[in-house]
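Summary of structural features
Single-letter residue listing:
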Amino acid sequence: MADTRQLYRMPFGKPPFSRQQGGMPVESGSSAAARHTKQKRKSHSLSIRRSNSTEQDQRTGTGMQRDMLDGQDSKLPLSMRSTLLDLFGQIEREFESLYIENLELRREIDTLNERLVSEGQTIEGGELSKGALKAKASHSTSQLSQKLKTTYKASTSKIVSSFKATTSRAVCQILKEYVGHRDGIWDLAITRNSPVVLGTASADHSAALWSIETGKCLLRYAGHAGSVNSIKFHPTEQMALTASGDQTAHIWRYMVQLPVIPPVADISAQCDDELDFSDKEEAEGDAEAQCSEVPTIRVATTTLKSHQGVVIAADWLVGGKQVVTASWDRAANLYEVETSELVHTLTGHDQELTHCCTHPSQRLVVTSSRDTTFRLWDFRDPSIHSVNVFQGHTDTVTSAVFTVGDNVVSGSDDRTVKVWDLKNMRSPIATIRTDSAVNRISVSANQRIIALPHDNRQVRLFDMTGVRLARLPRSNRQGHRRMVCCSVWNEENASCNLFTCGFDRQAIGWNINIPVLLQEK
């Protein structure tokens, strides 16, 4: 039986060999030589057909492409149409190669089945019934068929992935990199009023404000004694709220003046592929030095310090008169901004909190935890503070955020993202399954597109029904080089409308062509 299994697992494309052990008959030298010569003629014939087909394609491919391009009425640019024709030509040639391999494998299956029938009386020294022979032949055929399907899938996946990568680069492009922090960036946010700037919270104990257009650091906040884990901006005033590993949350005022935008477009991000790593590291070192020289705020306007553990996140309630903080002490606190008074302590989670978020127009708060749940706290009625527990994840819930409508979207270390309806909280209305843990997600207000930052350095875009729209382009020389921690949308900016940050110490501004993205859906 061991010899029989070895025969079934032979590499594709090699003829079966004769065996002399276990009572198996040996194939005669003349018949083996004849069959070997016949297979060589078949392989040679296939090789001639492949080479002739390739040469003919090379001679006529350019002319056919030119005729197709000239004879079609299309609004696509000529270069893009040519690229598409090249890609589909590659697909056709790859499938032709797979088809020929399929024929060879089918012949191999027939040969194996014939040998099983002819050698069935002496396998392992015993006799097999006709039904047993059929079962064994069927098993061999199914094994080879499964390998054939795997070969098809692997080859076509490479082609489709290459095509999708080309499409993603056209729809999703890097516009700007924001470099200057000396450690990983945990969180980022966009101001809700003028001047519109980007804010980042870093493990280097500081927060920073950046010019979106120029990528220059405008201001630093260095009032915390620990990692700055989150940053959020007041809805109407120039105030920022930061949460830190020093067990406090700070509210601080800022004033920045946006730099004059140069008339010539900055193409540094577009030419990033041409830079080697030594040049890029040197540029990052210069950016860190420049960021340390900008104006720095070191004293908070208000300090909130009622937690007994790391404050992992904080957010403003609608109106900006109250804030909520989430901590590793398993509690969330609600404060009055003007008096710094602790109004409520929200308890119930069994493990450390990981995130908190407030509704954009209602007095609702959602808190996430390592206990695999997230909780919805309702403060719309001052006399009743209800709480609802959402159970659906199997690992840490890394974030849960509100949408403009009546939905909550949650992400988890269990590699899933779930969409929930606030009116029916028993089960999610959509589930997105991915290949990596999901960190702090964001949902665009207008088009309701979910941006998923992953541990595996990828960023993916999905709609609210769970349909994948795009994966942001990433290579060794562009995109994030380490875990992506957070994403945030900025739809009011037509060019730079999505931002991501990661533990590679940089934030990236992206241009997502949303109309084209939704059209391709």
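The numbering scheme is per chain: residues are counted from 1 as the chain's sequence reads. For this predicted model, a pLDDT threshold of at least 70 governs which residues receive local features, and a threshold of 80 or more governs which side-chain atom pairs are given and counted, while totals over whole chains, interfaces and linings are taken from all residues. Heavy atoms from the whole structure form the basis of all side-chain values; hydrogens and water molecules are not counted.

A separate point is the packing of aromatic side chains. Aromatic pairs are defined between Phe, Tyr and Trp rings, using the six-membered ring for Trp, whenever the two ring centres lie within 6.5 Å; interplanar angles under 30 degrees are classed as stacked, those over 60 as edge-to-face, and all others as tilted. Scanning the entire structure with this criterion turns up nine aromatic pairs. With a centroid separation of 6.0 Å and 55 degrees between ring planes, the pair formed by Tyr178 and Phe499 is classed as tilted. Placement of Tyr178 in strand S1 (residues 172-179) and of Phe499 in strand S28 (residues 498-502) is noted, with a sequence separation of 321 residues between them. Here Tyr178 matches Phe499 in class, with each residue buried. When the centroid spacing of 4.6 Å and the interplanar angle of 0 degrees are considered together, the rings of Tyr221 and Trp252 count as stacked. With Tyr221 in strand S5 (residues 217-221) and Trp252 in strand S8 (residues 249-253), this residue pair connects regions lying 31 residues apart in the sequence. Within the aromatic cluster, the residues linked to one another by ring pairs are Tyr221, Phe233, Trp252 and Tyr254. By definition, any uninterrupted DSSP run of H or I lasting at least four residues is a helix, any uninterrupted run of E lasting at least two residues is a strand, and each is numbered from the N terminus. The cut-offs for exposure are 20% and 50% of the maximum accessible area for each residue type, with area from a 1.4 Å probe on protein chains only; residues under the lower value are buried, those over the upper are exposed, and the others partly exposed.

Here we come to the pattern of salt bridges. Close approach of charged atoms lets side chains of opposite charge pair. Note on definitions: salt bridges are taken to be side-chain nitrogens of Lys or Arg within 4 Å of carboxyl oxygens of Asp or Glu. Summed over all chains, the structure comprises seven salt bridges. The partner of Lys232 in a salt bridge is Asp187, and the shortest N-O contact between them spans 3.5 Å. Residue Lys232 is located in strand S6 (residues 228-233), and its partner Asp187 is located in strand S2 (residues 185-190); the two are separated by 45 residues in the primary sequence. The two residues Lys232 and Asp187 agree in class, both being buried. Taking the shortest distance from any N to any O, the salt bridge between Glu237 and Arg253 comes out at 3.1 Å. Here Arg253 lies in strand S8 and Glu237 lies in the loop between S6 and strand S7 (239-244), a separation of 16 residues in the sequence. A relative accessible area of 46% means that Arg253 is categorised as partly exposed. By sharing partners, the salt bridges in this structure join Asp187, Lys232 and Arg440 into a single network.

From the geometry alone we can't say anything about function, so treat these as descriptive.
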